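Read off the chains here:
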Amino acid sequence: MAVTDTLADMLTRIRNANLVRHDVVPVPSTRMTRSVAEVLKAEGFISDFQEQGEGKERQLTLSLKYNGRQRRPIITTLKRVSRPGLRVYANRKELPRVLGGIGIAIISTSQGVMTDRDARRLGVGGEVLCYIS
């Protein structure tokens, strides 16, 4: 069966890979998943990602990060906010703060996918995709 919500699928794959301490996790590549992966890398939640394959077979391979000897995952919470059945938008004054600024909200704006901090700095609002901490 085809996945309709690629972002929710991506977050679930990362969450599951974190639970079993995998080093890498494959995710189907779309413009949205690539943009979110770029934000995750820029914010230090993942160490890197590569794109492989051709056409519909394209995949992103995300390299997950862990802390210390017990390999505690850097990403503790992944929560999808806006979904196909219920879109959630926020203007620049209503942008959410995740854990008082410790976590990030990923926002899809007219100027691309970015964190809530960047959107606040640029003075733009948009669709609240997910929370990550």
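Residues numbered from 1 in each chain as written. Predicted model: local features only at pLDDT ≥ 70, side-chain atom pairs only at ≥ 80, totals over all residues. Heavy atoms only, no water.

This brings us to the overall build of the chain. Of regular secondary structure, the chain possesses 3 helices and 10 strands. In the chain, the succession of helices and strands from N to C terminus is α-β-α-β-β-β-β-β-β-β-β-α-β. Scaling as 2.2 N^0.38, a compact globule of 133 residues should have a C-alpha radius of gyration of about 14 Å, and the chain matches this with 15 Å. Buried positions account for 39% of the 133 residues belonging to the chain. Considering only residue pairs separated by 6 or more positions, the chain has 59% of its internal contacts joining residues 24 or more positions apart. Of the roughly 7,800 Å² of accessible surface on the chain, 49% is carried by carbon and sulfur atoms. The average position of the 22 basic charges and that of the 13 acidic charges among the side chains of the chain differ by 6 Å. (Helix = DSSP H or I, 4+ residues; strand = E, 2+ residues; numbered from the N terminus. Rg over C-alpha atoms; globule rule 2.2 N^0.38 Å. Buried < 20%, exposed > 50% of the residue type's maximum accessible area, 1.4 Å probe, protein only. Contact = heavy atoms within 4.5 Å. Areas by Shrake-Rupley, 256 points an atom, 1.4 Å probe, with all protein chains shown as cover. Lys, Arg positive; Asp, Glu negative; His and termini not counted. Charge placed at Lys NZ, Arg CZ, Asp CG, Glu CD.)

We now examine the packing of helix α1 (residues 6-19) against helix α2 (residues 31-42). At their nearest, the axes of α1 and α2 sit 10 Å apart, and the two run at 45° to each other. Viewed along their axes, α1 and α2 adopt a mutual orientation that is oblique. Residues T6, L7, M10 and I14 of α1 form the contact with α2, whose participating residues are T33, V36, A37 and L40. Each residue belonging to the contact of α1 with α2 can be placed in one class, and the counts come to 6 nonpolar, 2 polar and no charged. (Axes fitted to C-alpha atoms, helices over the stretch in contact; angles between N-to-C directions. Parallel < 35°, antiparallel > 145°, perpendicular 65-115°, else oblique. Nonpolar A, V, L, I, M, F, W, Y, C, P; charged D, E, K, R; others polar.)

Moving on: the nonpolar core. Formed by 25 residues in total, the largest nonpolar core has its most connected members in M10, I14, L40, L62, I106 and I132. Elements with a minimum of two residues in this core: α1, β1 (24-28), α2, β2 (46-52), β3 (59-64), β8 (104-109) and β10 (126-132). The element that contributes the greatest number of residues to this core is α1, accounting for 5 residues. Counting 10 residues, the second largest nonpolar core, distinct from the first, contains A90, V98, A105 and V128. (Core = buried A, V, L, I, M, F, W, Y, C linked by side-chain atoms within 4.5 Å.)

Take the sheet that holds β3 next. Ordered by their spatial adjacency, 3 strands build an open sheet running β1-β3-β2, and the pairing between neighbours is antiparallel. Edge positions in the sheet fall to β1 and β2, since each of these pairs with one other strand and no more. Strand-to-strand twist across the sheet, computed as the mean angle between neighbouring axes with direction ignored, equals 25°. Pairing between β2 and β3: 6 bridges, direction antiparallel. The partner of I46 across the bridge, within β3, is L64. Where α1 meets the sheet, its contacts fall on β1 and β3, and the angle it forms with β1 comes to roughly 165°. Packing against the sheet, α2 makes contact with β1, β2 and β3, and its axis sits at approximately 155° to β2. (Pairing = 2+ DSSP bridges.)

Let us now look at the pairing of strand β9 (residues 112-115). As judged from the 4 bridges shared by β8 and β9, these two strands associate in the antiparallel manner. Bridging from a neighbouring strand, I106 pairs with T115 of β9. Counting the residues in the hairpin turn of β8 and β9 gives 2 residues.

A complete count under the given rule lists 10 salt bridges for this structure. Across the pair D9 and R13 runs a salt bridge whose closest N-O atoms are separated by 3.0 Å. In this pair, D9 and R13 are both assigned in helix α1, 4 residues apart and thus about one turn of the helix distant. Accessibility expressed as a relative area gives 31% for R13, which makes it partly exposed. Note that E127 and R87 form a salt bridge whose closest N and O atoms lie 3.0 Å from each other. Of the two residues, E127 is situated in strand β10 and R87 in the loop between β6 (78-80) and β7 (89-90); the sequence distance between them amounts to 40 residues. Residue class for R87 comes out partly exposed when judged on its relative accessible area of 41%. Within this structure, R34, E51 and R58 form a network of salt bridges that share partners. (Salt bridge = Lys/Arg side-chain N within 4 Å of Asp/Glu carboxyl O.)

Spatial relationships are all this shows, so hold off on functional conclusions.
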